Number of protein chains: 2
Amino acid sequence: MGRRGRVVLRRIEDRVRRGICFRKRLAGLEKKAEELAVLCDAHVGFVVLSCSGDDANPHHFAAPATYAPILS
Amino acid sequence: MGRRGRVVLRRIEDRVRRGICFRKRLAGLEKKAEELAVLCDAHVGFVVLSCSGDDANPHHFAAPATYAPILS
DNA sequence: GCCACTATAATTAGGAT
DNA sequence: TATCCTAATTATAGTGG
């Protein structure tokens, strides 16, 4: 079980594996973005769009400004 | 040496440590964003703004559309 | 398909130089 | 201070249910 090798930076051709990877890594990116925002007092926003139809929805994230408001 | 404990999701108050963390995690976020884009054939873009003046520059990232063009 | 598990890779906080 | 190192934590690909 578990990861068998290092990450090879190349499109995953298998649709099922690519879709699973997409969902797991999207969740991971969101967690990392929130940690950066909170730990380091930053505003972070991102947008992710699947190009191969693995996910029809556009995804976005914004670190809530309430952590450290810059306005008013 | 090395990390001494789990991540506590709270603003790092020490300016020096926060700045170091900001730079390291910004680099980490960019790497994760690029991996998501390439492995899973997605468009990914983000913006990061330091709120506490640890970094005067706004940072942005965009996964090059050349990986999997959706236009034309 | 989802969820849980877990072996392994990857990240990173703090120390070393 | 700026890298570099690495212990320890965290992320995740594959598996099983």
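No experiment lies behind these values; they were computed from the predicted model shown. Each chain has its residues counted from 1, running along the sequence as written. Written order decides the labels, with chains lettered from A and ligands numbered from 1. Residue-level local features of this predicted model are given only where pLDDT is at least 70; pairs of side-chain atoms are given and counted only at 80 or more, and the full residue set underlies all totals for whole chains, interfaces and linings. Hydrogens and water are ignored here; the side-chain numbers use all heavy atoms of the structure.

Peer 1: Describe the nonpolar core, and please don't skip the residues or the numbers.
Peer 2: Put simply, buried Ala, Val, Leu, Ile, Met, Phe, Trp, Tyr and Cys residues joined by side-chain atoms within 4.5 Å make one nonpolar core. Note on exposure labels: buried denotes an accessible area under 20% of the residue type's maximum, exposed denotes more than 50%, and partly exposed covers the range between, all computed with a 1.4 Å probe on protein chains only. Counting 32 residues, the largest nonpolar core has Val44(A), Val48(A), Val44(B) and Val48(B) as the members making the most contacts within it. Counting from the N terminus, the helices are the DSSP runs of H or I reaching at least four residues and the strands are the DSSP runs of E reaching at least two. Those elements giving two or more residues to this core turn out to be helix 1 (15-39) and strand 1 (42-50) of chain A together with helix 1 (15-40) and strand 1 (42-50) of chain B. Among the elements that make up this core, the one with the highest residue count is helix 1 of chain B (9 residues). The contact criterion used throughout is that any non-hydrogen atoms of two residues lie within 4.5 Å. If we skip the residues at most four places from it in the chain, Val44(B) touches Leu29(A), Val47(A), Val48(A), Ala33(B), Leu36(B), Ala37(B), Phe61(B), Ala62(B) and Ala63(B).

Peer 1: Tell me about the sheet that holds strand 1 of chain B, and please be specific about residues and values.
Peer 2: Note on pairing: two strands pair once DSSP finds at least 2 bridges between them. Taken together, 4 strands build an open sheet; the order of strands is 2(A)-1(A)-1(B)-2(B) and the sheet is antiparallel. Two strands bound the open sheet, and with one partner strand each, they are strand 2 (59-62) of chain A together with strand 2 (59-62) of chain B. Taken over all neighbouring pairs, the strand axes of this sheet differ in orientation by 5 degrees on average, direction set aside. In the sheet, strand 1 of chain A pairs with strand 2 of chain A via 4 bridges, with the strands oriented antiparallel. Its bridge partner lying in strand 2 of chain A, Gly45(A) is registered against Ala62(A). Between the N-to-C directions of two axes lies an angle of 0 to 180 degrees, each axis being a line fitted to C-alpha atoms and, for a helix, fitted only over the stretch in contact. Of the strands in this sheet, strand 1 and strand 2 of chain A together with strand 1 of chain B are in contact with helix 1 of chain A, which crosses strand 1 of chain A at around 165 degrees. Sheet strands touched by helix 1 of chain B: strand 1 of chain A together with strand 1 and strand 2 of chain B. Its angle to strand 1 of chain B, the strand with the most contacts, is close to 170 degrees.

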